[in-house]
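# A look at the structure
Residues per chain, in single letters:
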Amino acid sequence: MADDGKTTMILTEFDPVKKAFINPEDIVKPVDGMPETAVCCYSCITFV
């Protein structure tokens, strides 16, 4: 991707189906008190 100051779309095709081939809810049961949505950040420089 060239950095020309414009937003470049990486993915141009999307699957409208909400169900994936592997879904967490098919394997793991909900945990009491745990929010339904969580955000994780994986970066080697986040906590340096």
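Just so it is clear, the model here is predicted, and its values are computed rather than measured. (Residues numbered from 1 in each chain as written. Predicted model: local features only at pLDDT ≥ 70, side-chain atom pairs only at ≥ 80, totals over all residues. Heavy atoms only, no water.)

## Structural notes on the overall build of the protein chain
What counts, and what does not: Helix numbering and strand numbering both begin at the N terminus, where a helix is a DSSP run of H or I of at least 4 residues and a strand a DSSP run of E of at least 2. Only protein chains enter the area calculation, which uses a 1.4 Å probe; residues under 20% of their type maximum are buried, those over 50% are exposed, and those in between are partly exposed.
Scanning the protein chain for helices and strands turns up 0 helices and 0 strands. A burial count over the protein chain gives 2% of its 48 residues as buried.

## Quick word on the pattern of salt bridges
To keep things clear, this is the line we draw: We define a salt bridge as a contact between a side-chain nitrogen of Lys or Arg and a carboxyl oxygen of Asp or Glu at a distance within 4 Å.
Enumeration according to the criterion identifies 2 salt bridges in this entry. A salt bridge links Glu 25 to Lys 19, with the shortest nitrogen-to-oxygen separation between them at 3.3 Å. By relative accessible area, which is 53% here, Glu 25 ends up exposed. Between Lys 19 and Asp 26 there is a salt bridge; the shortest N-O distance is 3.5 Å. Overall, the relative accessible area of 48% leaves Lys 19 in the partly exposed class.

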